[in-house]
Amino acid sequence: MANVVTEPAKAPKTSKDWDMAAIAPFIALALLLVLGYFANPNFMTTANLLNVVTRSSFIAVIALGATYVITSGGLDLSVGAMLAFVASLMILFLNSGTIADPALALTAGMALAIAIGAACGLANGLITTIGRIEPFIATLGTMGIYRGLTTWLSQGGAITVRDRDILALYRPVYSGSFAGVPIPIIVIFVTAAIAAFVLYRTRYGRHVTAVGSNEDVARYSGISINRVRTVTYVIQGLCVAVAVLLYVPRLGSTSATTGSFWELQAITAVVVGGTALRGGVGRIWGTICGAFILEIVGNIMLLSNFVSEYLIGAIQGAIIIIAMLVQRSLMRR
Amino acid sequence: MSSAETSPAALLFEATGLSKTFGIVEVLKDININLRAGEVHAIIGENGAGKSTLMKIIAGNQPPTRGEMKIDGETVTFSGPVDAEHRGIVLVHQEILLAPDLTVAQNIYLGRELHKGVFIDDRAMNEGAAKAVRDLGSDIDPNTIVSRLSIAQRQLVQIARVLLVPHRIVIFDEPTASLTPHETDALLKVIRQIRAKGVGVLYISHRLPEVKEIADRVTVLRDGRLVASHNTSELQPADMARLMVGRDVAKLYPDRHAAQARETVLEVEHLNVPGYAQDASFQLRKGEILGFAGLVGAGRTELMEGMVGLRPSRGTVRHLGKPVNFRDVHASLKAGIVYLSEDRKGKGLLLTKDLIVNLTLASLGKFAGVLQIDRKRESAALDKAIRDFDIRTGAKDILAGQLSGGNQQKLLLAKMMLLDPSIVIIDEPTRGIDIGNKEQIYKFIANLAEEGRSIIVVSSEMPELIGICDRILVMRSGRIVGEVTGDHMNENEIVVLATGVTKEEAA
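Residues numbered from 1 in each chain as written. Chains lettered and ligands numbered in written order. Predicted model: local features only at pLDDT ≥ 70, side-chain atom pairs only at ≥ 80, totals over all residues. Heavy atoms only, no water.

Peer 1: I tried to follow the overall build of chain B on my own but got confused; where do I start?
Peer 2: Looking only at helices and strands, chain B features 17 helices and 22 strands. In terms of overall dimensions, chain B is globule-like: its C-alpha atoms have a radius of gyration of 25 Å, near the 23 Å expected for 507 residues. Counting only residues that meet the buried cut, chain B has 52% of its 507 residues in that class. Considering only contacts in chain B between residues 6 or more positions apart, those separated by 24 or more positions represent 66%. Only carbon and sulfur atoms are counted for the fraction: they give 50% of the accessible area of chain B, which is about 22100 Å². In chain B, 62 side chains carry a positive charge and 65 a negative one; their mean positions are 4 Å apart. (Helix = DSSP H or I, 4+ residues; strand = E, 2+ residues; numbered from the N terminus. Rg over C-alpha atoms; globule rule 2.2 N^0.38 Å. Buried < 20%, exposed > 50% of the residue type's maximum accessible area, 1.4 Å probe, protein only. Contact = heavy atoms within 4.5 Å. Areas by Shrake-Rupley, 256 points an atom, 1.4 Å probe, with all protein chains shown as cover. Lys, Arg positive; Asp, Glu negative; His and termini not counted. Charge placed at Lys NZ, Arg CZ, Asp CG, Glu CD.)

Okay, structure coming up:
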C-alpha cells in the first residue's frame, strides 16, 4: 500500500504496568506480618495465624461474591443482613423437627440455606436490573428488609439451634480441621479458586469484566447486561450462603445484630484487594488478601498495647481510604 | 510550497515555527501562519491534519511545544484561554455550548452578569443581548429560552456571546458543520460584517466551496504540516482538495465492479424508531454497498440501532425473506447482522483492556471449550486479525486505547468480522482517521462486498459515500427523503435532499 502514514506507536504502556496495583495488597500483607512479628511474639505463631485466617473466613467468602458484583459495576449493601436472615431461617428449619434424622436434617438445612441465599441474591439482581433501580438504593432497601425480617423472626432476641445432636454433628464444620488445616480455611481457598477460574477463564467471567468496564461496549457486542449483572448478585447470594454454613456451627445461634456492618467490611476487602469500585477490574486473590489484612490489623491491635482495640473500626476506615489513594496513584502512571 | 504576499507592517497576528508533540507523536510541525486585520484566513485540512490543535494553541487552550506567537509584533504567551481573550483572541466552538434552560440574554452574559449592587441587572443584560443579536442581523428575542431556538439560531447566540468580549481576532471552528445551505449563507454574511469592522478571522472548515466564497487566504494542513498557503483567488475547490489529501482524490477509493442485480437480503418496511426515525422503508441487496447520507441528527444512527435491537422500534424487517424482530444485539448478531458504532471509543472497544479481550468479546462462544476460554486460539485469532486488517501495533499486549484511531477502527472491524456476518452496518467508518488508514478501510469495505456480504455505510462525509457506495439513501429529520444512484451521486443532489433546501429555508 503506497503512501500509508504510519503513526509512531506511543510509549508502549502495556498491561504489565497494571501489575503493580495487583501486587500492592500482597506487599501490604507482608508488611503487616512483619509489623505483627515485632509487635508481639505471640503473633507469628501457627496457632494465632490459623486462628486469624479462620476468623476472616466469613468476610473473605462474602467478599468473593462482592468482587463479582463490584467488577460488573454493581454494589450490594445487603450482604450482612442477608447472612443474618439466611442463618435465622436455616436454624428455624433445623429447630422445626421436620426431618427426624439429624444428619438428614442438617443436609436439608444446608441445602435450604444455599437456596435461600441464591433467591435473596436473585431478588437483589432483578430489582437492580429489571427494576432499574440504582444498586446502592436497591440493596439499601433489601438490607432493611432482610434485617427487619431477621429481627421479627427472632423477636428481637436470639435464635439458637436446639437439637444437640445436630449441633454436635455440625460443629466440626467450623472448628474441625483436615490434615491440620482448619476447614474454614480450606473453604476460603476452594471457593476462591472456583471464583478465580470462573472470573478469569470462562466466557461468563469475561462478560462480567466487560460489562463493568463499559456497559455500552458490552451491549453493542451482543452481551445481555441484565443477565450478567443479575447472575453476579446470585453469586453474591451463594457466597453469603456458604458464609452462613460456616457461621451457624460457630456459635449455633443468630441475633438481630448478626452480620452488622459486614457489608462494609466485605466492600473494604474487595477494594483493598485492588478491585476497581467503578467496575471493570476484578481481583479474586486480592480480595482474599484484603480480608486477611482486615482481620490481621484487628489481631495486631488486640495483641499490642499501642492502640486501643476499640479503635478497630477507625483503623479499618482509614485502611480503605489509604487503599483508594494508593490505587489512584498507581493508575496515574 | 508557495506563500501569499503579505506586508509585515499590517500583520495583526503572526505565528512562527509552531510545533506540538504529545508524547513522541508530533501532531504539528513548524507551522508559520499570519493574519491581517480585516481578512478571513481559512485553515483547511482533513480530520487529524492538526487544524484543531493549531486553533487550540492560538486560542490559548494548549501551549505549543515549540514556536512563537506575536500580536502586533509583540511576542505573547498564553496561560490559558482567558489570557488569550484578554489579548483579543476569541474562539467560536464547533459544538453549541449554551445552557438550554436559560434565556438568550442569560446565556450571552453567563459568567459575566451585569449587576447593580448585589442584584442582577436583567434589563441592562436584555438590552445588551438584543443589541448583540441585532448586530449580527437577527431579531431573536433575548428572553427566549435557548432550547426553543433552532440550531442555527443557537449558533448565532453563541457567536453573539463570544463577540461580547472586546476582540480583534475571531476563530471559527467548523461553524457550518450542522447548518443548512441557507443558514450557512446567513452565517457567512455575519462573518463578512465582522471582517468589515477590521477584525481578523481564522476560519476552519473542510467544506471547500464555502471556503472559496468567504476566505481571502487559504492555508492547507496535512498530517500536522503546512503544505500550502495561497490567496483564495489562486485556488479552485478541486485544488484545495488535492492539497488536503496530498494526491489525486479519486485514487482514495477502490475500484468497484458495478454490482449486478442480486437477491434482496434485507427488506425494511415502515420502520419507526420513536423520537428519531419515521416510516423508513428500504431494501439491501447481496454484495451491495448502500450509503446513508444526511445531516447530523437526521436519525441515521438511530434507525440502524433500532433495526439491530439497540433501541425500541416498530415496523417490519425481513431478513432473507423472513420477518425478524431483534430484541437485542445478541439476536441480530446471531442472524449475521453486525453494527459498528460511530462511537468507537465509547461503544465499540474496551479502551482499558488488551487487544485480545476486545477482539473476541462479541464472539467468545467460538473460543470457549467445555469450561474455559481457549487462550491459544484467541492469541492465534489476534495474529490473524493483525495480518488481515494490517493493525499497526508495537506489541500484542498493549491496551486498545493505545492504538491510533485508524487501528482502533481496524480492530473493531476485525472483532465484528469474527462473527462472519452477512450484513455489515458501519457508522462513520473513517471518523477521526488519517488518510492512509482511510484508504485501507475503504478497501476492506469493498472487499467485504466483493465476498458477497451486504454493507450499509452511514456517513456524514459525502465524498466517501459517493466514492464507495452503489446507492445512497438520504435522510432528513428522521425520514428517508430520497435515493441517489449512478450519475446523480454528487454532493449537490445529496445536499439538496439532506437539507430540503427548496422549502424549509425560513428557519
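Back to the text.
Peer 1: Sorry, what's going on with the state of the cysteines here?
Peer 2: What is meant by a disulfide is a covalent connection between two cysteines, made through their sulfur atoms. Residues and elements named next belong to chain A. A full pass over the atoms with the stated rule returns zero disulfides over all chains. Between cysteine 239, a cysteine without a disulfide, and cysteine 120, which holds the nearest cysteine sulfur, the sulfur-to-sulfur distance is 14 Å. What makes cysteine 239 buried here is its relative accessible area of 13%. (Disulfide = S-S within 2.5 Å.)

Peer 1: I keep staring at the interface of chain B and chain A and nothing clicks. Help me out?
Peer 2: Many descriptions give the size of an interface as the accessible area lost when the pieces come together. Across the contact, 44 residues belong to chain B and 33 residues belong to chain A. Buried area between chain B and chain A, summed over both chains or domains, comes out near 3600 Å², and the portion from carbon and sulfur atoms is 56%. Applying the counting rule to chain B against chain A returns one salt bridge. Residue arginine 206 of chain A is joined to glutamate 378 of chain B by a salt bridge in which the shortest nitrogen-to-oxygen separation is 2.7 Å. Along the contact surface separating chain B from chain A lie 11 residue pairs in polar contact (both at pLDDT 80 or more). (Buried area = accessible area lost by both parts, 1.4 Å probe. Salt bridge = Lys/Arg side-chain N within 4 Å of Asp/Glu carboxyl O. Polar contact = N/O pair within 3.5 Å; in protein donor to acceptor, adjacent residues only side chain to side chain.)

Peer 1: Teacher, can you tell me more about helix α3 (residues 57-71) of chain A here?
Peer 2: Residue pairs spaced three or four apart in an α-helix point in one direction, given the helix's 3.6 residues per turn. Residues and elements named next belong to chain A. End to end, α3 covers 21 Å across 15 residues, agreeing with the expected 21 Å (1.5 Å per residue, within 8%). When you tally the buried positions in α3, you get 15 out of 15 residues, the bulk of the element. Positive phi appears at glycine 73, one or two residues downstream of α3, with a value of about 95 degrees. (Expected span 1.5 Å × (residues − 1).)

Peer 1: Would you take a moment to explain the sheet that holds strand β17 (residues 322-324) of chain B for this structure?
Peer 2: One key point about sheets: their strands pair by backbone hydrogen bonds, in either a parallel or an antiparallel sense. All names here are of chain B. Taken in spatial order, the four strands of this open sheet run β14-β13-β16-β17, and their pairing is antiparallel. A strand with exactly one partner marks an edge of an open sheet, and here the two such strands are β14 (277-285) and β17. Averaged over all pairs of adjacent strands, the angle between strand axes in this sheet comes to 20 degrees, irrespective of strand direction. Examined bridge by bridge, strand β16 (residues 314-319) and β17 share three bridges and lie antiparallel to one another. (Pairing = 2+ DSSP bridges. Axes fitted to C-alpha atoms, helices over the stretch in contact; angles between N-to-C directions.)

Peer 1: I'm lost on unusual backbone geometry in this one. Help?
Peer 2: Excluding glycine, a negative phi dihedral is what most residues carry, and trans is how most peptide bonds are arranged. Positive phi values are uncommon outside glycine, yet arginine 132 of chain A reaches one of about 50 degrees. Tracing the backbone shows arginine 132 of chain A in the loop between α5 (102-129) and α6 (135-154). Classification of arginine 132 of chain A by relative accessible area gives exposed; the value is 75%. A positive phi is found at glutamate 174 of chain B, a non-glycine position, where the angle reads about 40 degrees. Within the secondary structure, glutamate 174 of chain B is located in the loop between β9 (169-173) and α6 (181-196). Look at glutamate 174 of chain B and you get buried, because its relative accessible area is 13%.

Peer 1: Help me out: how do you make sense of the sheet that holds strand β15 (residues 289-294) of chain B in this one?
Peer 2: Residue and element names in this part refer to chain B. Taken together, the six strands give an open sheet; going across it, the order is β18-β19-β20-β15-β21-β22, and neighbouring strands pair in mixed fashion. A single partner strand is all that each edge strand has here, and the edge strands are β18 (337-340) and β22 (479-485). Taken over all neighbouring pairs, the strand axes of this sheet differ in orientation by 20 degrees on average, direction set aside. Note that strand β19 (residues 423-427) and strand β20 (residues 454-458) share five bridges and pair parallel. Among the inter-strand pairings, isoleucine 423 is bridged to a residue of β20, identified as serine 454. Relative to the sheet, helix α17 (residues 491-499) contacts β15, β21 (471-476) and β22, its axis offset from that of β21 by approximately 30 degrees.

Peer 1: Just checking my understanding: could you explain the packing of α3 of chain A against helix α13 (residues 262-272) of chain A for this structure?
Peer 2: Each packed pair of helices is defined by two parameters, the angle between the axes and the distance between the axes. All names here are of chain A. Two elements in contact, α3 and α13, have axes separated by 8 Å at closest approach and are oriented at 65 degrees. By the angle class used here, α3 and α13 are roughly perpendicular. Here α3 and α13 pass one another in a crossing that is right-handed. Across the interface between the two elements, Phe58, Ile59, Ile62, Ala63, Ala66, Thr67 and Ile70 from α3 touch Trp262, Gln265, Ala266, Ile267, Ala269 and Val270 from α13. Looking at the contact of α3 with α13 residue by residue, the class counts come to 11 nonpolar, two polar and no charged. (Parallel < 35°, antiparallel > 145°, perpendicular 65-115°, else oblique. Left-handed = near helix turned anticlockwise from the far one by under 90°. Nonpolar A, V, L, I, M, F, W, Y, C, P; charged D, E, K, R; others polar.)

Peer 1: It is not clear to me how the confidence of the model for chain A should be interpreted in this structure. Could you clarify?
Peer 2: The predicted structure's coordinates, where accompanied by low pLDDT, should not be read in detail. Looking at chain A, pLDDT values average 91 and 93% of them are 70 or higher. Here helix α15 (residues 312-332) of chain A stands out as the element of chain A with the lowest mean pLDDT, 84, in contrast to α3 of chain A, whose mean of 98 is the highest. (pLDDT = per-residue confidence, 0-100.)

Peer 1: Hey, could you run me through the nonpolar core in this one?
Peer 2: Nonpolar side chains tend to gather and get buried jointly when the protein is soluble and globular. Residues Phe292, Leu303, Met307 and Ile456 of chain B are the most contacted members of the largest nonpolar core, which totals 132 residues. Those residues in contact with methionine 307 of chain B that lie beyond four places of it in its chain are Leu266, Val268, Leu271, Phe282, Val317, Phe326, Ile425 and Ile456 of chain B. The next biggest cluster of nonpolar side chains, apart from the first, holds 86 residues, and it includes Leu29, Ile70, Ile225 and Val297 of chain A. (Core = buried A, V, L, I, M, F, W, Y, C linked by side-chain atoms within 4.5 Å.)

Peer 1: When you look at the packing of aromatic side chains in this model, what are you seeing that I'm missing?
Peer 2: The relation between two aromatic rings is expressed through the spacing of the ring centres and the mutual angle of the planes. Throughout the structure, instances matching the rule amount to 13 aromatic pairs over all chains. Connected via pairs of aromatic rings, a cluster forms that spans Phe58, Tyr174, Tyr247 and Trp262 of chain A. Seen from the ring of tyrosine 276 of chain B, arginine 311 of chain B lies directly overhead, with NZ or CZ sitting 4.7 Å from the centre. (Phe/Tyr/Trp six-rings, centres within 6.5 Å; stacked < 30°, edge-to-face > 60°. Lys NZ or Arg CZ within 6 Å of the ring centre and 35° of its normal.)

Peer 1: Even after reading the chapter, I still don't get the confidence of the model for chain B, so can you show me in this structure?
Peer 2: Residue and element names in this part refer to chain B. Model confidence for chain B is summarised by a mean pLDDT of 88, while 95% of its residues fall at 70 or above. In this model residues 1-9 is a low-confidence stretch, pLDDT under 50, and it forms 14 contacts with partners more than four residues away in sequence or in other chains. Of the regions scoring below 50 in pLDDT, residues 503-507 engages in three contacts with residues more than four places distant in sequence or in other chains. Both confidence scores are given for the complex: pTM 0.80, ipTM 0.87.

Peer 1: Just checking my understanding: could you explain the pattern of salt bridges for this structure?
Peer 2: One side chain can pair with another of opposite charge once the charged atoms of both are near each other. Residue and element names in this part refer to chain B. The full count for this structure, using the stated rule, is 29 salt bridges over all chains. The shortest N-O distance in the salt bridge between aspartate 72 and arginine 168 comes to 2.7 Å. Linking aspartate 72 in the loop between β4 (66-71) and β5 (74-76) with arginine 168 in the loop between α5 (151-163) and β9, this pair joins segments that are 96 residues apart in sequence. Sharing partners across several salt bridges, the network here consists of Arg285, Glu288, Arg471 and Glu483.

Peer 1: Please explain the environment of serine 460 of chain B as it appears in this structure.
Peer 2: Residue and element names in this part refer to chain B. Mapping serine 460 onto the fold places it in the loop between β20 and α16 (462-468). For serine 460, a relative accessible area of 30% translates into the label partly exposed. Considering only alpha carbons, one finds serine 460 and alanine 293, 167 residues apart in sequence, at a separation of 6.1 Å. The contacts of serine 460, once residues within four sequence positions are left out, are Gly294, Val296, Arg300 and Glu428. Looking at serine 460, its side chain comes within polar contact range of the side chain of arginine 300, at 3.0 Å.

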